[in-house]
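# Summary of the model geometry
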Amino acid sequence: MASSVVKVEDVNKVYGSRKEASYQALDNVSFSIGEGEFVGVMGASGSGKTTLLQTIAALDRVTSGSITIAGTNVTDMKEKELTDFRARRLGFIFQDFNLLENMTVYENIALPLFLQNQKGGSVREEVQRAAGMLGMEDTLSKYPAMISGGQKQRAAAARALVHHPSMILADEPTGALDSGNAKGLLETLQHLNENHGVTIMMVTHDAFSASYCGRILFLEDGRLYKEMQRNGTREEFFKQILDEQAEAGKKKL
Ligand SMILES: Nc1ncnc2c1ncn2[C@@H]1O[C@H](COP(=O)(O)OP(=O)(O)OP(=O)(O)O)[C@@H](O)[C@H]1O
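Below is a summary of the structure that appears in this document. Please read all numbers here as calculations on a predicted model, not as lab measurements.

## Considerations on the sheet that holds strand S4 (residues 64-69)
Within the open sheet, the four strands sit side by side as S2-S1-S4-S5. Their pairing is antiparallel. The strands lining the two open edges of the sheet, one partner per strand, are strand S2 (23-34) and strand S5 (72-73). In terms of strand pairing, strand S1 (residues 4-15) meets S4 through five bridges, oriented antiparallel. Bridge pairing links Val-8 to Ile-67 in S4.

Structure follows, in structure tokens:
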């Protein structure tokens, strides 16, 4: 495998401090993600998907174990260092895209650079590069209210990668979209991954979305119980994922 972008080692996450009220959301989870991979995290509601993504994004602390991102162990970092690390090294795509309505598309895409105090020509260059990767060059001077849903998604994707993050983290990015727009966003992620080598980790409960990934990690009750690698076509992978979901469902009966 290519060099690791993420290394998760024996991670446990327990919510709540009192023993009787505590809940183990992640149970001894270990895996790594190589550079240029598109990895999905699947599991039923409450299985720990968001908790896993948030601990990798350093938005939440692990109870034990370690997480290394692009060679940096984020587990022991202080709050201020973490904020800085997150802003520099990670890109995010949220379910509702979070574009700021009173800023142009250009300014929205540039936000991660402004947050790092970048100014002048280098900002213009980076925004144009990111916009070019997503075919957004013609919409840069518009406001979010003036562009389509699909263009909003692409603007959010451009914003997630404008600062050359080590990886993009996406939490149910298609959750609020109709099927046409969901497909558009997934194709965009696939394009960034395949043609630009962007490393992506995407949390989803949806088999169709997951079929765009190259590898899927399955969580159940906070445990990583299976991995699935895509070897054939996306359609074949989709069917394999549906079969796995049916198997997991049967076990619960
Ligand atoms: N802040 C918290 N305090 C206590 N328990 C929590 C907290 N956050 C999550 N949990 C619990 O941890 C478990 C895992 O939650 P998580 O949100 O990671 O699941 P998920 O797989 O993302 O679910 P969904 O698909 O419904 O979003 C759940 O049982 C949840 O109730």
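Let's pick the thread back up.
## Points about the environment of Thr-50
Within the secondary structure layout, Thr-50 lies in helix H1 (residues 49-56). For Thr-50, a relative accessible area of 36% corresponds to the partly exposed category. It is 7.1 Å that separates the C-alpha atoms of Thr-50 and Val-203, two residues lying 153 residues apart in sequence. At 3.4 Å, the side chain of Thr-50 and the side chain of Asp-171 are in polar contact.

## Looking at helix H8 (residues 234-252)
Given 3.6 residues per helical turn, the α-helix brings residues three or four places apart onto the same face. Between its first and last C-alpha atoms H8 spans 27 Å; for 19 residues at 1.5 Å apiece the expected length is 27 Å, and the two agree. All buried positions along H8 are accounted for by Arg-234, Phe-237, Ile-241, Glu-244 and Ala-248. Considered in projection along H8, the buried side chains sweep an arc of 75 degrees and stay on one side of the axis. Elements that come into contact with the buried residues of H8 comprise strand S3 (38-43), helix H7 (207-210), strand S9 (215-220) and strand S10 (223-229).

## Some points on the side chain of Thr-51
Among the secondary structure elements, Thr-51 is positioned in helix H1. Those residues in contact with Thr-51 that sit more than four places away from it in its chain are Lys-13, Tyr-15, Ala-25 and Leu-26.

## Details of the pairing of S10
Pairing of S9 with S10 involves six bridges; the strand directions are antiparallel. Bridging across to S10, Ile-216 finds its partner in Met-228.

## Overview of the site of the ligand
Contacts to the ligand come from Tyr-15, Tyr-23, Ala-25, Ala-44, Ser-45, Gly-46, Ser-47, Gly-48, Lys-49, Thr-50 and Thr-51. Between an oxygen atom of the ligand and a side-chain N or O atom of Thr-51, the distance comes to 2.6 Å. Element by element, the count of residues in the shell around the ligand is highest for H1, at three residues. Across the shell around the ligand, the residue classes break down as four nonpolar, six polar and one charged.

## Describing the pattern of salt bridges
Within this structure, the stated rule accounts for eleven salt bridges. With its nearest N and O atoms 3.1 Å apart, the salt bridge here joins Lys-13 to Asp-60. One end of the pair, Lys-13, is in strand S1; the other, Asp-60, is in the loop between H1 and S4, and 47 residues separate them in sequence. The exposure classification of Lys-13 matches that of Asp-60, with both residues buried. Taken together, the salt bridges that share partners define one network made up of Glu-37, Arg-215 and Glu-227.

Parameters at a glance
Residues numbered from 1 in each chain as written. Predicted model: local features only at pLDDT ≥ 70, side-chain atom pairs only at ≥ 80, totals over all residues. Heavy atoms only, no water. Pairing = 2+ DSSP bridges. Helix = DSSP H or I, 4+ residues; strand = E, 2+ residues; numbered from the N terminus. Buried < 20%, exposed > 50% of the residue type's maximum accessible area, 1.4 Å probe, protein only. Polar contact = N/O pair within 3.5 Å; in protein donor to acceptor, adjacent residues only side chain to side chain. Expected span 1.5 Å × (residues − 1). Arc of directions from axis to C-beta. Contact = heavy atoms within 4.5 Å. Near = heavy atom within 4 Å. Nonpolar A, V, L, I, M, F, W, Y, C, P; charged D, E, K, R; others polar. Salt bridge = Lys/Arg side-chain N within 4 Å of Asp/Glu carboxyl O.

Functional significance is not addressed by these values, which are geometric in nature.
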